[in-house]
Amino acid sequence: MYETARCWWTILRIGLEERLVYRGDFALGTLMRFLPIVTQVFLWWAIFDTIQQVPGARSVSGGGGGGGAGGAGGATIAGYTLSNMIAYYLLSMVSRAFSSMPGLASGGALQIRNGEIKKFLVQPVDLMSFMLANRVAHKLAYYSVAILPFALVFFFCRGYFVDGWPAPSVLAAYAASLLMGFLLGFFLELSIGLIGFWFLEVSSLLFLYMLLTFFLSGHMFPLDMLPQPWRYLVDLLPLKYLAYFPAAVFLEKVTGPDLVRGLWIEAAWIAFFVVFARIMYDRGVRRYSGFGG
Amino acid sequence: MRRSAHYLQVLLTFARNSLIRDLTFRTNFLLQAFTATSWTLMNIGFYLIIFHHTPSIGPESGWGKYEFFVFLATTWIVNSLLQTFFMPNAHEFSELIRTGNLDFALLKPIDTQFLVSFQRMEWSSLSNVVTGLILLVVGLWHLTTQPDNPLVLTVGVFLLYTFYLLCGVTILYSLMISLAATSIWLGRNQTLYDFWFYITNFSRYPMEIYQRGWGRPLWGFFTFVVPVLLVINVPARILAQPLRPGSSVSLALALFTLVAAVCSLLVSRFVFVKALASYRSASS
């Protein structure tokens, strides 16, 4: 038990040190990543102005709710006011900070291809545990630096969060959805990387996954905007937990029994992908043959 | 005269070599074309969803669904032209600087900027020109056949569109080569690529959306200092004419775009030559 903990701690520490080498470049890069939101603000501002001013436009509905950006105060699209929409984009960035796993699948597939995976077969370290610990370390390092630019942007944009902080119970559910988003993202992407045991090159598959994630996780727009058959189909997929779900929880678009059910379904997806990745790994290792030193 | 013919010959050789190289790996070529196209299709999906909720982008801006299709098509055509002809070269250029292989380019009896700008072409990126053209035809078809206030197109409009499309490509090329040239001073330019992506991101939307509140300084900066807002807006506006009747591109804007294209090219040349003067080879 103690040995395992010490092993994990070592992996964690190495990962942290590895990531904190280029701090400045990293913080600047994170800040720049918010730039596309600027164009999103103006795009949605124009769209909300349009549906506000054109009578009979499809999505106009009455009701209060002040717009932080001024102008289109009362108009809503799929239940989102302009402020909600901008807040959603900001929150989806937080979701993705937890659930995106840059280089996990491609790195895993590369290790299989170039034979680096051999060391996990001969050493008493489990590959999946190692990768998880390593990823936790990477994420911790990322947050320790990225929290500054994130805090700065959220402070400047606080006007868009018109309803203020949600209740503590909602915040707890939000934290849970973010943590589970991390786990789901990890095991989902690991499963794709492990396909490398069967196909040596997974980059095109990965691109497809990235494309689908961008569109169907809610990173590009709130999923509530999708027209009906699509909305239902997207609800059946696990991808929405990677960006849409945590943001919707924070904005209280998902509440009550729906929220509880959503969290349970997310947990079930995680369990599914843990088992799936484990089975794939065991089968893959049996298939694998390594030669030379 | 002989000199320009000579350059044309070199250019054609570059094009041929790149095509042969691309077609050597046929599956990879098709796969790249496929992924580029699916990315475009997804973007169109996003705007279809937006137009499911709103009749136009901006009140009385004239950018309705099919006008905006023309806008989007222009964006894809310009971007894929850049990705085909200049993006691989700008990337290669910074590698040449880092590895010191720029020495060989400098020694060749041809203009260095010409050589590093055109050497490699990525033909698979042209697939998005096709997607863009299809979208353009769909948009124009709907605009010219709509019952009230149909769009009237003439050959002159198409010629102007093509001309300003090329002006747009020139502006973005100048920006790209200037950014790439700065890697002579900076050593590496990974962040510069992100920078490029974030700057051009501003050009992908109608310029009216920035003309309000704290968007005005942004609009001014990206129109007059780094003129990326003109790149898509001017040609798309000439073709789709979002505020009919009467053209919505004023003569002043059109002339300014011309001046901006020429100035960008001159500035990029200046930056390139300046940067080359500071080049110190990296090899031993």
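Structure first, text after, so check above.
Cut-off values and rules
Residues numbered from 1 in each chain as written. Chains lettered and ligands numbered in written order. Predicted model: local features only at pLDDT ≥ 70, side-chain atom pairs only at ≥ 80, totals over all residues. Heavy atoms only, no water. Axes fitted to C-alpha atoms, helices over the stretch in contact; angles between N-to-C directions. Helix = DSSP H or I, 4+ residues; strand = E, 2+ residues; numbered from the N terminus. Parallel < 35°, antiparallel > 145°, perpendicular 65-115°, else oblique. Left-handed = near helix turned anticlockwise from the far one by under 90°. Contact = heavy atoms within 4.5 Å. Nonpolar A, V, L, I, M, F, W, Y, C, P; charged D, E, K, R; others polar. 1 Å grid on protein atoms, 1.4 Å probe; cavity = no way out; pocket = protein on both sides within 12 Å on 5 of 7 lines; lining within 4 Å. Points joined across faces, edges and corners; volume = space filled by probe spheres on them. Buried area = accessible area lost by both parts, 1.4 Å probe. Salt bridge = Lys/Arg side-chain N within 4 Å of Asp/Glu carboxyl O. Polar contact = N/O pair within 3.5 Å; in protein donor to acceptor, adjacent residues only side chain to side chain. Patch = residues over 30% accessible without salt bridge, like charges linked within 9 Å, V, L, I, M, F, W, Y side chains within 5 Å. Areas by Shrake-Rupley, 256 points an atom, 1.4 Å probe, with all protein chains shown as cover. Buried < 20%, exposed > 50% of the residue type's maximum accessible area, 1.4 Å probe, protein only. Core = buried A, V, L, I, M, F, W, Y, C linked by side-chain atoms within 4.5 Å.

Undergrad: Would you mind going over the packing of helix H7 (residues 127-156) of chain A against helix H8 (residues 168-194) of chain A in detail, with residue names and values included?
TA: Residues and elements named next belong to chain A. Look at H7 against H8: their axes get within 12 Å of each other, and the N-to-C directions meet at 130 degrees. Classed by the angle they form, the pair H7 and H8 counts as oblique. The two elements H7 and H8 meet at a crossing, and its hand is right-handed. Contacts between H7 and H8 involve Met 128, Met 131, Leu 132, Arg 135, Val 136 and Lys 139 on the former and, on the latter, Phe 182, Phe 186, Phe 187 and Leu 190. A breakdown of the residues in the contact of H7 with H8 according to their chemical character gives eight nonpolar, no polar and two charged.

Undergrad: Requested: an account of the layout of surface pockets, with residues and values cited.
TA: Residue and element names in this part refer to chain A. If you add up the space inside the second largest pocket, you get close to 560 Å³. If you trace the second largest pocket, you find 19 residues lining it, with Val 94, Phe 150, Ala 151, Phe 154 and Trp 165 closest to the centre. Its residues assigned to classes, the lining of the second largest pocket shows 17 nonpolar, one polar and one charged.

Undergrad: I'd like a description of the interface of chain B and chain A, backed by residues and values.
TA: Across the contact, 32 residues belong to chain B and 37 residues belong to chain A. Across the interface of chain B and chain A, roughly 3300 Å² is buried in total on both sides, 77% from carbon and sulfur atoms. The shortest N-O distance in the salt bridge between Arg212(B) and Asp49(A) comes to 2.5 Å. Summed over the shared surface of chain B and chain A, the number is four residue pairs in polar contact (both at pLDDT 80 or more). Those elements that provide at least two residues to the side of chain B that touches chain A are helix H2 (26-53), helix H10 (190-202) and helix H11 (215-225) of chain B. Here the residues of the side of chain B that touches chain A are counted per class, giving 18 nonpolar, twelve polar and two charged.

Undergrad: Give a detailed account of the environment of Lys139(A), specifying residues and quantitative values.
TA: All names here are of chain A. In this structure, Lys 139 sits in helix H7. Remark: the alpha-carbon pair of Lys 139 and Met 101, spanning 38 residues in sequence, is separated by 9.0 Å. Once residues within four sequence positions are removed from consideration, Lys 139 is found in contact with Arg 96, Ala 97, Phe 98, Ser 100, Met 101 and Phe 182.

Undergrad: Pulling in residues and values, what's your account of a nonpolar patch on the surface?
TA: All names here are of chain A. Among the surface-exposed residues, Leu 31, Leu 152, Phe 155 and Phe 156 lie close enough to one another that they form a single nonpolar patch of about 410 Å² accessible area. Sort the elements by how many residues they give to the nonpolar patch and H7 lands first, with three residues. Its place among the elements puts Leu 152 in helix H7.

Undergrad: Requested: an account of unusual backbone geometry, with residues and values cited.
TA: All names here are of chain A. For Ala 78, which is not glycine, the phi dihedral falls at a positive 50 degrees. Position of Ala 78 among the secondary structure elements: in the loop between helix H3 (35-53) and helix H4 (82-99). Taking the relative accessible area as the measure of exposure, Ala 78 reaches 34% and is therefore partly exposed. One non-glycine residue with positive phi stands out, namely Glu 252, at about 55 degrees. By the element assignment, Glu 252 lies in the loop between helix H11 (244-250) and helix H12 (256-287). Take Glu 252: its relative accessible area is 41%, and that puts it in the partly exposed class.

Undergrad: Go over empty space enclosed by the protein with me, naming the residues and quoting the values.
TA: Residue and element names in this part refer to chain A. By the definition in use, this model includes two cavities of 30 Å³ or more. In this structure, the second largest cavity encloses a volume near 50 Å³. For the second largest cavity, the full set of lining residues is Leu 104, Gly 108, Gln 111, Ile 112, Ile 117, Leu 127, Met 131, Leu 190, Gly 193 and Leu 194. At the level of secondary structure, the elements contributing two or more residues to the lining of the second largest cavity comprise helix H5 (104-114), H7 and H8. With four residues, H5 is the largest single contributor of residues to the lining of the second largest cavity. Looking at side-chain class alone, the lining of the second largest cavity contains seven nonpolar, three polar and no charged residues.

Undergrad: Tell me about the pattern of salt bridges, and name the residues and values.
TA: Residue and element names in this part refer to chain A. Within the structure shown, the criterion is met by nine salt bridges over all chains. In this structure, Arg 261 and Asp 258 form a salt bridge, with 3.2 Å as the shortest nitrogen-oxygen distance. A residue pair is termed a helical-turn pair when its members lie 3 or 4 positions apart in one helix, as Arg 261 and Asp 258 do in helix H12 at three residues. Members of the salt-bridge network, linked through shared partners, are Asp 224, Arg 231, Asp 235 and Lys 240.

Undergrad: Mind laying out the nonpolar core, listing which residues take part and the relevant values?
TA: Among the nonpolar cores identified, the biggest contains 177 residues, and Trp44(A), Leu190(A), Phe221(A), Phe46(B) and Leu102(B) are the most heavily contacted of them. Those residues in contact with Trp44(A) that sit more than four places away from it in its chain are Ile77(A), Leu82(A), Met85(A), Tyr89(A), Met225(A), Phe46(B) and Ile50(B).

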